[in-house]
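What follows is each chain in one-letter form.
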Amino acid sequence: MPKGNRSDPGESKGLTGFGRYAGPATLILSSLADGAKHGYALTKDVESFSGVRLSPGTLYEALARLESQGLIEALDTDDRRRPYQLTAAGAGALKAHLDAQRRVAEVGLRRLAGNWGTA
Amino acid sequence: MSPAAGPPEGAASRAARLLRWYPRAWRDRYGAEFTELLIADIAERPRSRARTLDVARGGIVARLADAGLAGGPVVPARAGTASARASLSALACCGAVFLVVGAALWSQLTIGWQWSDSAGTPAALATTVTSAAMIALLALAMTAALPVLLAIAANFTRQLIIPAAVLLTATTLLFAGGRHFGNGWPGTGGHRGLVPGGLAAFEWATSLSVSAYWAHPGALAAFPAAEVAWMAASPLLLAVTVLAAATLVRRAELPPRLLAFEARAGLAACAVMAVFLVGCGCWVATGGQRSLFHAGVIDVAGVAVMALALALARQAARTAGAVSFPRDADCS
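This structure is a prediction, so every number in the text was calculated from the model and none was measured. (Residues numbered from 1 in each chain as written. Chains lettered and ligands numbered in written order. Predicted model: local features only at pLDDT ≥ 70, side-chain atom pairs only at ≥ 80, totals over all residues.)

Observations regarding the overall build of chain B
- The helix and strand inventory of chain B stands at 11 helices and 0 strands.
- Reading the helices (α) and strands (β) of chain B from amino to carboxyl end gives α-α-α-α-α-α-α-α-α-α-α.
- Within chain B, the fraction of its 332 residues that count as buried is 43%. (Helix = DSSP H or I, 4+ residues; strand = E, 2+ residues; numbered from the N terminus. Buried ≥ 20, exposed ≤ 12 C-beta atoms within 10 Å, placed from the backbone.)

Below, the structure written as structure tokens:
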């Protein structure tokens, strides 16, 4: 169980305020949802489930913002590759963001089916 | 999970070179793990222009954040008040550059006003607008500086001793030099005073270094040696003064409410600077009139520098104003 407990996951407003970093942030949080990972493992996992390869600069830009917001936290390690894990606040933000994305996807798919015959 | 083949020769040195794009605070926090990731990435993609550009862009963003000119702290430890203080320091530096260059242009206008009947001309409009804006700017600067100085005095620590001493010394020298060389103000004896002569003379003397005479060594050589020395030394003194003030703001423990007030004062100052810039811009755009109000290349360059300083100051003020503080934020 992740040790972060900064806020109630049910109260999160998602990733509002992340602007153009929302995309990488969503991918990183989704990757960390099944356990702590270091930078390289994050890159490979994100690439495997999304087809997106996060470049090192983009990855660490997003990691720094997520850590500053308390949505992820770094774990202590003697290794030079430091792992990160999701906090409770991060889990709440990811859930809220994905719920909003799902609503958008459902509307889009429904309208496609109604007007274009594809879904 | 690193590539089995291992990193290619020179990967570590290339990763170290890429890491230099980032500021020191960022490197201290993320440098080791970021280097590991870069080495692994180089092993997979030995040559990648996209990676170089991505790292360069990320490094520049981190440096802008470190300078207080971009949203978000450079590292988590600098979130909250530290991030706002960095932005306010950048705002102070940009505001100082604007003030010095603006004072040089404004001095030229006020001297012309002293000696010339310019009623109804663009120069008269520019002089009136810039004079009002300059006085408002100075009042705003003092309104913003006073509570910061009081907060610093109330919470003075050892790490503030050096910047405070440097600031005090440089300010004293600047004030003494400005008063001394202000005696040579060309507006003395004029018949149409618009602003107090002492203020105009002081601003003229402290901005003497912003001068086209640097491009004309022959004419400069005819000046008294002490005045040329002051023209060379005063910008250094100004730079030292501003950097010491910025260091104080970065290091001092300032409460979130004061930081929020300073950010609002900064935005107000930006609005006044915009008015000042419009006044100068109108004058320069018309090329000035008569010899006393003639606008030259250095004035065009001055307007460009002020526009850049204003843009950066506004960005810093907005960044400082956007910083959110935890309810129980301390001043660390």
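A word on the overall build of chain A
- When helices and strands are tallied, chain A shows 4 helices and 2 strands.
- Beginning at the N terminus, the succession of helices and strands in chain A can be written as α-α-α-β-β-α.
- A burial count over chain A gives 39% of its 119 residues as buried.
- Taking all contacts inside chain A whose residues are at least 6 apart in sequence as the whole, residues at least 24 apart take part in 61%. (Contact = placed C-beta atoms within 7 Å.)

Comments concerning the environment of Ser 107 of chain B
All names here are of chain B.
- Here Ser 107 shows up in helix H4 (residues 81–115).
- Under the C-beta neighbour-count criterion, Ser 107 is labelled buried, with 24 such atoms within 10 Å.
- The sequence separation of Ser 107 and Ala 232 amounts to 125 residues, and the corresponding C-alpha distance is 18 Å.
- Ignoring any residue separated from it by four or fewer positions in sequence, one finds Ser 107 in contact with Ala 200, Glu 203, Trp 204 and Ser 207.

A closer look at the interface of chain A and chain B
- Of the residues lining the interface, 18 residues belong to chain A; the matching set on chain B comes to 23 residues.
- Looking at the side of chain A that touches chain B, the elements with two or more residues in it are helix H2 (39–50) and helix H3 (56–68) of chain A.
- Take the side of chain A that touches chain B: its biggest share by element is 9 residues, from H3 of chain A.
- Taken together, the residues that form the side of chain A that touches chain B break down as 5 nonpolar, 6 polar and 7 charged. (Nonpolar A, V, L, I, M, F, W, Y, C, P; charged D, E, K, R; others polar.)

What about the nonpolar core?
- Cys 94, Phe 98 and Ala 313 of chain B are the most contacted members of the largest nonpolar core, which totals 65 residues.
- The set of elements that each furnish at least two residues to this core consists of H4, helix H5 (122–154), helix H6 (161–181), helix H9 (225–251), helix H10 (256–285) and helix H11 (297–322) of chain B.
- Counting residues in hydrophobic clusters, the runner-up holds 38 residues, among them Leu 29, Leu 59 and Ala 93 of chain A together with Ala 65 of chain B. (Core = buried A, V, L, I, M, F, W, Y, C linked by C-beta atoms within 7 Å.)

As for the domain arrangement of chain B
- Domain assignment breaks chain B into domain 1 (11–66) and domain 2 (81–322).
- For domain 1 of chain B and domain 2 of chain B, the distance between their C-alpha centroids amounts to 38 Å. (Domains from an automatic or database assignment.)

With respect to helix H3 (residues 49–66) of chain B
- With 18 residues, H3 of chain B should cover 26 Å at 1.5 Å per step; its first-to-last C-alpha distance of 25 Å lies within 8% of that length.
- Gly 68 of chain B, located one to two residues past H3 of chain B, shows a positive phi value of around 80°. (Expected span 1.5 Å × (residues − 1).)

Focus: the packing of H4 of chain B against H9 of chain B
All names here are of chain B.
- One way to put it is that H4 packs onto H9 with a least axis distance of 8 Å and a crossing angle of 160°. Accordingly, the angle class assigned to the pair H4 and H9 is roughly antiparallel. In this structure, the crossing between H4 and H9 has a hand that is right-handed. Residues Arg 85, Ala 86, Leu 88, Ser 89, Ala 92, Cys 93, Ala 96 and Val 100 of H4 pack against Leu 238, Val 242, Ala 245, Ala 246, Val 249 and Arg 250 of H9.
- Residue composition of the contact of H4 with H9, by class: 11 nonpolar, 1 polar and 2 charged. (Axes fitted to C-alpha atoms, helices over the stretch in contact; angles between N-to-C directions. Parallel < 35°, antiparallel > 145°, perpendicular 65-115°, else oblique. Left-handed = near helix turned anticlockwise from the far one by under 90°.)

Some remarks on the confidence of the model for chain B
Residues and elements named next belong to chain B.
- For chain B, per-residue confidence averages 85 on the pLDDT scale, and residues scoring 70 or more make up 90% of the total.
- Highest mean pLDDT in chain B belongs to H6 (93); lowest belongs to helix H8 (residues 217–221) (84).
- Confidence metrics for the complex model read pTM 0.72 and ipTM 0.79. (pLDDT = per-residue confidence, 0-100.)

Quick word on the environment of Leu 237 of chain B
Residues and elements named next belong to chain B.
- In this structure, Leu 237 sits in helix H9.
- With 63 residues separating them along the chain, Leu 237 and Leu 174 place their C-alpha atoms 6.5 Å apart.
- Beyond its immediate stretch of four places on either side in the chain, Leu 237 contacts Ala 170, Leu 173 and Leu 174.

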